[in-house]
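# Coordinates in review
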Amino acid sequence: MLLLYLLRRLVQAIPTLLGVAILMFLFVRALPGDPARLYAGLDATPAEVTAVRERFGLDRSLPAQFGLYLGSLARGELGRSFRSDRPITELLERHFRATLTLSLIAIALAMIVGVGLGVIAAVRRGSLTDLGVTIGSILGISAPSFFVGILLIYVFAVQWRLFPVAGSLTWSGMVLPAVTLAAGAIGTVARFTRSSLLEVMGEDFVRTARAKGIHPRTVLRKHVLKNALIPVITITGLQFGFLLSGAVIVETVFNFPGLGWLLIQSIEARDYPVIQALMLVFSVQFVLINLLADVLYAAVDPRISYG
Amino acid sequence: MAEVASSAKPDARVAPRRRSAFRRLLRHPSGSLGLFLSLLFVALAVVGPYLTPFDADRQNYLKLNQAPSAEHWLGTDQFGRDTFSRVLAGARTSIGIGVAAKLLGALVGGVWGLWSGYAGSWVDAVSMRLVDVLLAFPGLLLAIGLIAITGPGVGPVIVASAVFGVPIFARLVRGSVLGAKERVFIEAARGLGAGHVRIMFGHLLPAVIAPVIVYATLRIGVTMLVAAGLSFLGLGVQPPTAEWGSMLSQAQLYLRLDPWMAFAPGIAITLAVLGFNLLGDGLRDVLDPTLRA
């Protein structure tokens, strides 16, 4: 049943992904100048440009070109970077691991710290702790990640020298970037957890459970949390999708060699094939993560029919 | 007599409700703080550039990277420019771009949603697919992609940050229009011979605009973050123009020497975004309790 639902959602995502492919196909054609020139590189000879034009079928009609583009996508070919003249898939693999590791740590932080703070705030509603969490989360949402990152660098790398200034794929090099990336998501998850918990705590079945004399902690764990955390899953899933793109700024702040960093480098170098491939990868990831969040939501909530 | 009474009645009902919504916002603790901060920053955007103690662009090579002092309240930057003056001057660029982008996004997305929802059938189906495609790009990505085509600058950054909001507004307005267009007053307008444009803008738009305004306020903060983020990445406003995002990116290079160069624009943008976020939350609580999250 769930598998069928997953399959149906995947099929529903196809038009969107096809649209993304069309948009990315048009992206390079929207650039000022001749795409063959852009693909061939800025210092290519006329003969090389002609060769590229024939190789990519750029002398054919737009629909035919799009067919070729889709065909190469289906074979997993994303072209070559004209800055490094290496296959883009190779470049992506290397940088993808960095971004994925960073995002996974950040989303784990957001889940644990965000849900934890939200639960504490809701249980102690109206207390100073609650106020502190509320203010902290709205600040986390409002502060731009590049400022959070710079502040963390200043305090923990410049003043206290606990962590390196630049990020890297080592444990100490990942702490500051991961916390920076998680800051906004922690705020969002904490706020959402708090209000979801408060809503469930006002339900009749919670009052009934309390009236039956069940220990308040058991009520919280078995009756409140179980129901309140279901929507939190969706929010966290959405946050995960945004984390992957938030990585563009965080990776730039920390000079961390992930996909976002690669994107900004490629824009500066006008490496259009890489930009095109990265935009495609980012959006496909985003669509798939949102889809997974939906499916997960359906899987944990028995009330949802797979409609 | 009866006519007077019936025509006066709705007015009497509407007027106090509006007043009380505003009063409720003032009594809403975080909402009123948000209103205060937002008004303060909008005022700064208008008059800030005239209040600067120094010319924000004047370089002074005798006073590079100074710490805060009585003369330079927030110190000076790597060209000896007064940081306080640059933060004040940057208010206009940063807030102006955020508000302009939000208005543009709400306008384009609003008209799109209005048209899509009103036209229905295949127009609606195709245009909502397009909205799905635009929404498939997370956060900044669409904006970055656009700027990769156009190149950096104030104009591109406004358009790119606006594009970010267009599909969201299109979907929001389209949803409200679907409900509103079946109502009797639309049928009445059509019966009276009103054309499509008149029905869309004269009758449907007023019926669906309230949530759009709330949502637009709610999203000004996010839009400012996107715009400042683009400038931070070097894709938006270019130096030497004072803008908070690009000031922060410059300041990162001098963090050890001159942290105030980073603190000042960072705190300014955080407070401005905080103000708009709190105002948006407050408005939502006051105007539409069902949306509370």
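Because the structure is predicted, anything quoted here is derived from the model rather than measured. Position labels on residues start from 1 in each chain and follow its written sequence. Numbering of ligands from 1 and lettering of chains from A proceed in the order in which they are written. Given that the model is predicted, a residue must reach a pLDDT of at least 70 before its local features are reported, and side-chain atom pairs must reach 80 or more before they are shown or counted; all residues, however, enter totals for whole chains, interfaces and linings. Calculation of side-chain values draws on the structure's entire complement of heavy atoms; hydrogens and water are dropped beforehand.

### Describing the overall build of chain B
Rules: Helix numbers and strand numbers start at the N terminus; a helix is a DSSP run of H or I with at least 4 residues, a strand a run of E with at least 2. Type-normalised accessible area, obtained with a 1.4 Å probe on protein chains alone, sets the label of each residue: buried when under 20%, exposed when over 50%, and partly exposed for intermediate values. We call two residues in contact when some of their heavy atoms are within 4.5 Å. Using a 1.4 Å probe, accessible areas were evaluated by the Shrake-Rupley method; residue-level cover was limited to the displayed protein chains. Positive charges are assigned to Lys and Arg, negative charges to Asp and Glu, while His and the chain termini are left out of the count. For the purpose of locating charges, the reference atoms are NZ of Lys, CZ of Arg, CG of Asp and CD of Glu.
When its secondary structure is counted, chain B shows 10 helices and 0 strands. Along chain B, helices and strands appear, N-terminal first, in the series α-α-α-α-α-α-α-α-α-α. Summarising its shape, the C-alpha atoms of chain B cover approximately 75 × 50 × 30 Å along the three principal directions. Per-residue burial over chain B gives 52% buried out of 293 residues. Long-range pairs, those at least 24 residues apart, make up 70% of the contacts in chain B with a sequence separation of at least 6. About 13600 Å² of surface is accessible on chain B, with carbon and sulfur atoms providing 68% of the total. Within chain B, one finds 25 positive and 16 negative side-chain charges whose respective centroids are separated by 7 Å.

### Structural notes on the packing of aromatic side chains
Geometry of an aromatic ring pair is reported as the spacing of the ring centres plus the angle between the planes. Residue and element names in this part refer to chain A. Our working rule: Pairing of aromatic side chains here covers Phe, Tyr and the six-membered ring of Trp, requires ring centres within 6.5 Å, and sorts the geometry by plane angle: under 30 degrees stacked, over 60 edge-to-face, intermediate tilted.
Tallied over the full model, the rule gives 11 aromatic pairs over all chains. Between Phe156 and Trp160, the ring centres sit 5.5 Å apart and the planes meet at 90 degrees, which makes this aromatic pair edge-to-face. Its relative accessible area of 26% is what places Phe156 among the partly exposed residues. When its relative accessible area of 56% is taken as the criterion, Trp160 is described as exposed. Taken together, the ring pairs connect Phe25, Phe66 and Tyr69 into an aromatic cluster.

### Considerations on the nonpolar core
Heads up, the condition is: Grouping buried Ala, Val, Leu, Ile, Met, Phe, Trp, Tyr and Cys residues that are joined through side-chain atoms within 4.5 Å yields what is termed a nonpolar core. Segmentation of the chain into domains, including their bounds, is taken from an automatic or database domain assignment.
Residues Leu263 of chain A together with Ile144, Leu230, Leu233 and Trp244 of chain B are the most contacted members of the largest nonpolar core, which totals 118 residues. When residues are assigned to domains, this core turns out to be shared by domain 1 (2-74) and domain 2 (94-300) of chain A, each giving three or more.

### Examining the interface of chain A and chain B
Basically, it comes down to this: Any carboxyl oxygen of Asp or Glu within 4 Å of a side-chain nitrogen of Lys or Arg constitutes a salt bridge here. N or O atoms closer than or at 3.5 Å make up a polar contact, with two conditions inside protein: a donor-capable atom paired with an acceptor-capable one, and, for residues adjacent in sequence, both atoms drawn from side chains. Put simply, Ala, Val, Leu, Ile, Met, Phe, Trp, Tyr, Cys and Pro go in the nonpolar bin, Asp, Glu, Lys and Arg in the charged bin, and everything else, Gly too, in the polar bin.
Across the contact, 45 residues belong to chain A and 40 residues belong to chain B. At the surface where chain A touches chain B, the tally comes to 1 salt bridge. One salt bridge connects Arg191 of chain A with Asp281 of chain B, and the closest N-O pair in it is separated by 3.0 Å. Where chain A meets chain B, there are 3 residue pairs in polar contact (both at pLDDT 80 or more). Elements represented by at least two residues in the side of chain A that touches chain B include exactly helix H1 (2-30), helix H6 (128-142), helix H7 (145-159), helix H8 (171-201), helix H10 (216-254), helix H11 (259-268) and helix H12 (272-300) of chain A. Per element, the largest residue contribution to the side of chain A that touches chain B is 9 residues, and it comes from H1 of chain A. For the side of chain A that touches chain B, a count of residues per class yields 34 nonpolar, 9 polar and 2 charged.

### Some points on the confidence of the model for chain A
For clarity, the threshold we go by: One confidence number per residue, pLDDT, is output by the predictor and ranges from 0 to 100.
Taken over all residues, the pLDDT of chain A has a mean of 85, while the share at 70 or more is 96%. When mean pLDDT is taken per element in chain A, H7 of chain A scores highest with 93 and helix H2 (residues 35-40) of chain A scores lowest with 71.

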